[in-house]
Amino acid sequence: MLRIQGGTPLVGTVEVRGAKNLVPKAMVAAVLGEAPSRLWGVPAIRDVDIVTDLLELHGVSVRPGEAGELVLDPSNVERAAVADIDAHAGVSRIPVLFCGPLLHRLGHAFIPDLGGCRIGDRPIDFHLDALRQFGAIVDKRADGLHLTAPERLRGTRLELPYPSVGATEQVLLTAVRAEGVTELRNAAIEPEIVDLICVLQKMGAIISVHTDRVIRITGVDRLGGFSHRALPDRLEAASWASAALATGGDITVRGARQVDLMTFLNVYRQVGGEFEVGEEAIRFWHPGTDLRAVPLETGVHPGFQTDWQQPLVVALTQASGLSIVHETVYENRFGFTGALRDMGAHIQLYADCLGGTPCRFGQRNFQHSAVISGPTKLQAADLDIPDLRGGFSYVIAALAAQGTSTVRGIELISRGYEDFLTKLTALGALIES
Ligand code: EPU
């Protein structure tokens, strides 16, 4: 639990390390190799701890090197006891990505019930359909998924119903060592996926990315290790940018890269936020004048990333006029706005696809569009963190509000934000834990 005294602009410098949505996946990729791998830029977050535990259960040695470095040795991959894996049920979505690597190495994989943020139903049907097409046998039992590959997995032609990040990663991690060519259509092409492709290419994989979301993978018999520095966390960078805007502050984010944040930067500028791109950092600040409301639609890359949405919505409560935000990636990512309303924000949710193109969730009664009317002064409140990005948004809202708020459930934030309390304190936030 935190007690946060609002009203102080956040000012100073923070540093982002490797991306939460790449690092754990690169760690899983190491299982495919027959030599040790070295990964730099590893943040100290819980998702990394969970994957480390799962790798160690499967005989992979995971040793820390210098700060932010991991050395992963998969020489002795072995089956893990179902009960030991099951102890990690319900805490993360990464375990599902072990399927392909374990099937290649051991012919068998057990995947416990998944966790992750409750921002929608988050099924894994695309993953399982793809694995079946590669020739895996999927047995759904009460304790989780048991997968077997009686023969070597075979390359295949696949088309995803939606460009899912996780399902694209599943296909990449499986196809690289399958027999023959895999063609994936309607693939996700987020920067973290391109970085995973770089990791796999360093290991010896043959992967080509074509126009129109087509990826072709030519399977190889053996893969080696990799040495790789993870791309910086563009989602964390945007969270700090939104924190600067919402609190009237000025934050320099070391490690933030313009190329990964282009779409975010355009919206930031439209809202009235100022930024300056430097060699190794981007500085984000509030202009000192009124912010402007914007229409906004989240989408798959190169669209406006859904994970940028929640922190920015807090800043939009301080903008003049009506902002319309249409969330098209998750059907249920506006749960956090209830608490903002309690703090005085004017936010209405709608089941219609407002202000943009119709999406998969229209006509299905999901409250996936929000209209935010601002500016409104936020008042302190008692807040219970619902999910990772929603949690960070509550912290920003509490920092922007008048009075002292209590925020509970901060362990959810440490799943994806390294040292966030130290960083907040360095920026001048008045916080007691
Ligand atoms: N979907 C299906 N079936 C599937 C897979 C996905 O219907 O088999 C749907 C999902 O329900 C969702 C949409 O497809 O509506 C997109 O899901 P996707 O598979 O792309 O998401 P993910 O791989 O589960 C990753 C990140 C998320 C990020 C999304 C979108 C990780 C660990 N998580 O999730 O990050 O929002 O991609 O870019 O990489 C976060 O960091 O806070 C976070 C939630």
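Up top is the structure.
Values in this document were obtained by computation on a predicted structure and should not be read as measured data.

Undergrad: Quick rundown of helix α10 (residues 306-316)? Include the residues and the values.
TA: α10 sits mainly inside the fold: 11 of its 11 residues count as buried. Three or more residues of α10 are buried, namely T306, D307, W308, Q309, Q310, P311, L312, V313, V314, A315 and L316.

Undergrad: Requested: an account of the pairing of strand β12 (residues 214-218), with residues and values cited.
TA: Pairing geometry for strand β10 (residues 181-185) and β12, over four bridges, is antiparallel. By the bridge assignment for β12, E183 is matched with R216. Joining the antiparallel neighbours strand β11 (residues 206-210) and β12 is a turn of three residues, in which D212 adopts a positive phi near 60 degrees.

Undergrad: Can you tell me about the side chain of D47, naming the residues and giving the values?
TA: When you line up the elements, D47 lands in helix α2 (residues 46-57). Non-local contacts of D47, meaning those with residues more than four positions away in its chain, are made with K20, P24, S92 and R415.

Undergrad: Provide a residue-level description of empty space enclosed by the protein, including the pertinent values.
TA: Enumeration over the complete set of coordinates arrives at three cavities of 30 Å³ or more. By volume, the largest cavity is sized at about 50 Å³. Every residue lining the largest cavity is listed: H58, R79, A80, I85, L102, L106, H108, A109 and F110. Counting residues per element, the ones that place at least two in the lining of the largest cavity are α4 (99-106) and β6 (108-111). Residue contributions to the lining of the largest cavity peak at three residues, all from β6. Taken together, the residues of the lining of the largest cavity break down into six nonpolar, two polar and one charged. L54, H58, I85, P95, F98, L102, F110, I111 and P112 together form the lining of the second largest cavity. Looking at the lining of the second largest cavity residue by residue, the classes come out as eight nonpolar, one polar and no charged.

Undergrad: How would you summarise the site of the ligand if you had to cite specific residues and measurements?
TA: The environment of the ligand is formed by 25 residues, the closest being K20, K25, S164, V165 and V329. In the environment of the ligand, an oxygen atom lies 2.8 Å from a nitrogen or oxygen atom belonging to the backbone of F126. R389 has a polar side-chain atom sitting 2.7 Å from an oxygen atom of the ligand. In the complex, the protein chains occlude 93% of the 830 Å² of accessible area that the ligand would expose alone. Mapping the ligand onto the cavity grids shows that it belongs to the largest pocket. Among the elements of the structure, α5 (125-133), α6 (165-175), α10 and α12 (388-400) are those that each provide at least two residues to the shell around the ligand. Broken down by element, the shell around the ligand gets its largest block of residues, three residues, from α5.

Undergrad: Describe the nonpolar core, with residues and values.
TA: Counting residues in hydrophobic clusters, the biggest one holds 150 residues, and the most contacted among them are L200, W240, F264 and F284. Broken down by element, the residue count for this core peaks at nine residues, all from helix α8 (residues 234-247). Residues within four places of F264 in sequence aside, it is in contact with A238, A241, S242, F284, F304, W308 and L312.

Conventions we followed
- Residues numbered from 1 in each chain as written.
- Predicted model: local features only at pLDDT ≥ 70, side-chain atom pairs only at ≥ 80, totals over all residues.
- Heavy atoms only, no water.
- Buried < 20%, exposed > 50% of the residue type's maximum accessible area, 1.4 Å probe, protein only.
- Helix = DSSP H or I, 4+ residues; strand = E, 2+ residues; numbered from the N terminus.
- Pairing = 2+ DSSP bridges.
- Contact = heavy atoms within 4.5 Å.
- 1 Å grid on protein atoms, 1.4 Å probe; cavity = no way out; pocket = protein on both sides within 12 Å on 5 of 7 lines; lining within 4 Å.
- Points joined across faces, edges and corners; volume = space filled by probe spheres on them.
- Nonpolar A, V, L, I, M, F, W, Y, C, P; charged D, E, K, R; others polar.
- Near = heavy atom within 4 Å.
- Polar contact = N/O pair within 3.5 Å; in protein donor to acceptor, adjacent residues only side chain to side chain.
- Areas by Shrake-Rupley, 256 points an atom, 1.4 Å probe, with all protein chains shown as cover.
- Sits in = over half its atoms within 2 Å of the grid points.
- Core = buried A, V, L, I, M, F, W, Y, C linked by side-chain atoms within 4.5 Å.

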